[in-house]
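Results of the structural survey
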Amino acid sequence: MGEKVYLLNFRVSGIKNLEKTIELSFYKKTIDKQFEPEKYRIKAIYGENGSGKTAIVVGMDILRNIIIDSTYLNDSKNQQYLQAMVNKKTRRIELNSDFIYYSDTHSRIYSYEVYLGLNPMGLFEIERESLKCRFNGTRAREIVAFECLEGEINSVMIDDEETKNRLIRESLNLLGKQSLAINCLLNSKDIFRNNMSSPFRMMMFDLYFFAAKINVCIASDDDPDLYLQKKELLEAKDPDDFFDKITRMVSTVGRFANANEKLIAKDLFENYKLKIKKLERFIQLFKRDLKSIDIDRTEAGDYYACKLLMNYGDYCVDTVFESTGITKLIKLFDYLNAAADGEVTFIDEMDANINDVYLSKIIDYFMQYGKGQLCFTTHNTSPMASLRNNKKSIAFLSSDNQIVEWKTNGNFAPDKLYKQGMIEYLPFNIEPEGFLGVLGE
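Conventions and cut-offs
- Residue positions are counted from 1 within each chain, in the order its sequence is given.
- Residues qualify for local features only when their pLDDT is at least 70, as the model is predicted, and side-chain atom pairs are given and counted only at 80 or more; totals for whole chains, interfaces and linings, by contrast, use all residues.
- Excluded from the side-chain calculation are hydrogens and water; included are all heavy atoms of the structure.
- Secondary structure is summarised from DSSP: a helix means a run of H or I of at least four residues, a strand means a run of E of at least two, and numbering begins at the N terminus for each.
- Working rule for helices: expected span equals 1.5 Å times residues minus one.
- Working definition: with a 1.4 Å probe on protein chains only, accessible area under 20% of the residue-type maximum means buried, over 50% means exposed, and in between means partly exposed.
- Directions are taken from the helix axis to each C-beta atom, and the arc is the one they span.
- Should any heavy atoms of two residues lie within 4.5 Å, those residues are considered in contact.
- Polar contact is the term for a pair of N or O atoms within 3.5 Å; when the atoms are in protein, one must be able to donate a hydrogen and the other to accept it, and sequence-neighboring residues count only if both atoms are side-chain atoms.
- At least two DSSP bridges between two strands are required for those strands to pair.
- We define a nonpolar core as any set of buried Ala, Val, Leu, Ile, Met, Phe, Trp, Tyr and Cys residues linked to one another through side-chain atoms lying within 4.5 Å.
- By salt bridge we mean one thing: a side-chain nitrogen of Lys or Arg within 4 Å of a carboxyl oxygen of Asp or Glu.
- Only the six-membered ring of Trp is used, alongside the rings of Phe and Tyr, when aromatic pairs are assigned; centres must lie within 6.5 Å, and planes under 30 degrees apart are stacked while those over 60 apart are edge-to-face, with the rest tilted.
- A ring is scored as having a charge over it whenever the NZ atom of a lysine or the CZ atom of an arginine sits within 6 Å of its centre and within 35 degrees of its normal.

**Let's talk about helix α11 (residues 356-369)**
Helix length check: α11 (14 residues) gives 20 Å between terminal C-alpha atoms against 20 Å at 1.5 Å per residue, within 8%. Of all the residues in α11, the buried ones are Leu-359, Ser-360, Ile-362, Ile-363, Phe-366 and Met-367. All buried residues of α11 project into a common sector of 160° when viewed along the axis, lining one side. Structural note: α11 exposes Lys-361, Gln-368 and Tyr-369 on the side pointing more than 90 degrees away from its buried face. On the buried face of α11, the contacting elements are β3 (42-47), α10 (324-340), β15 (373-377) and α12 (384-387). Capping the start of α11 is the job of one residue whose side-chain oxygen sits 2.7 Å from the backbone nitrogen of Val-357: Asn-355.

Set out below in structure tokens:
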């Protein structure tokens, strides 16, 4: 597929301490016919502890899951997670994203929003969901693909009344717990097979494609997505192949599984071996004495139970016993690889346990060679020296939900202004003397 997606804006509120809506902008305000994101592919989010940086990443993860996972809101564990994550004042999660679906010959700009609220049973449901589209950046041609309110289709861009009524019937009592996109792809996919040139079908495909291109790594989450299965979806050769893959993946798994789990489907094992070989080359950049990463596998029905062993020649060690820094790099590999390959990747606390020299080198790579988008939260100021040269690459988040985008300010360096408390809304009013009487006798 030659088509690509790019996240233009993301707005989020109602998660953790994000009571107000904050907006992250990833591109300039106006989009020309010649869309050129090369200088806008990376963004670092800085802020005080507890300012809400992780909440932004969590919000993107929820948005992705709402679109692609038909069982997300029916899972009791996910409901418990949302109840833990929701802002205790608003009790409502609002997510909005603008993205562009483009190729060398055309582009479509979308605005997608989804609001989650609590029902009388205390469970989260979709209160509102909508998708709007405009072609080649012209606002005058913005059209509403669909709008759903309180679990019902309020409007949908389908001209044929019979098809429209059928979709409304088939989605009845489902839209409170799943997005219209996944509902159409799973429950009403033959509507699309019979209307291959339908603008509505095209826009729903674009939305799902956008969500399938999103990767989220949350620092406290031990269950990242199974990229092998997602890659299989994105490599679909035609619409029928796409629908077959998505039906098999969602109906049998219920959600994308974990790329680093030890159970690997046998029909995916050759792809898994290729991924581990690439991981091996990646880790060897940091550990030159590493000979190889070996896969220790045993039969487990339709799966192989796999364990990765770090081979140093004279001895082997399970990856779980590696240093925290190497373990973190192993965890990040799939996410960094996805961002390098043209996808949209959010990483929380990317700097944790990683040497700042290595971190800066990774950032420099994405500045020069990355094909996708990389957005990450961090406390490490070392990458600012490189980031300051790209546009919209540094965002500061204050404890009162204010976003300040870094703009060139003469010869001032962003890291110095940040440390000195000279970034608007971010005064670090702590001096060494402040610890007197607090630490020590």
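**As for the pairing of strand β11 (residues 292-300)**
Alignment of β11 against strand β12 (residues 303-311), held across nine bridges, turns out to be antiparallel. Following the sheet pairing, Asp-294 is matched in β12 by Leu-309. Between the antiparallel neighbours β11 and β12 lie two residues, among them Gly-301 with a positive phi of about 65°.

**Focus on the nonpolar core**
Within the largest apolar cluster, 79 residues are counted, with the highest numbers of intra-cluster contacts made by Ile-56, Ile-62, Tyr-112, Leu-116 and Phe-146. If sequence neighbours within four positions are ignored, Phe-146 has contacts with Tyr-112, Glu-129, Ser-130, Leu-131, Ser-155, Val-156, Leu-180, Phe-200, Met-204 and Leu-207. Grouped together as the second largest cluster of nonpolar side chains are 49 residues, Ile-264, Ile-330, Leu-332 and Met-367 included.

**Comments concerning the pairing of strand β8 (residues 152-156)**
Relative to β8, strand β7 (residues 143-149) is paired through four bridges, and the arrangement is antiparallel. From the neighbouring strand, Phe-146 faces β8, where its bridge partner is Val-156. As consecutive antiparallel partners, β7 and β8 are separated by two residues, and within that stretch Glu-150 has a phi angle of approximately 50°, a positive value.

**Things to note about the pattern of salt bridges**
Under the criterion given, the structure shown has 19 salt bridges. In this structure, the salt-bridge partner of Arg-92 is Glu-94, at a minimum N-O distance of 2.2 Å. With its nearest N and O atoms 2.7 Å apart, the salt bridge here joins Glu-127 to Arg-92. With Glu-127 in strand β6 (residues 124-135) and Arg-92 in strand β4 (residues 92-102), this pair connects stretches of sequence that are 35 residues apart.

**With respect to the packing of aromatic side chains**
On inspection of all chains with the given rule, the structure shows 19 aromatic pairs. The interplanar angle of 35° and the centroid separation of 5.7 Å between the aromatic rings of Tyr-365 and Tyr-369 together place this pair among those described as tilted. Taken together, the residues Tyr-365 and Tyr-369, both in helix α11 and four residues apart, mark about one turn of the helix. Tyr-369 gets classed as exposed once you look at its relative accessible area, which sits at 53%. Each member of the aromatic cluster is reached from another via a ring pair, and the members are Phe-282, Phe-286, Phe-333 and Tyr-358. Positioned over the ring face of Tyr-304 is Arg-297, at 4.3 Å from the centre of the ring.

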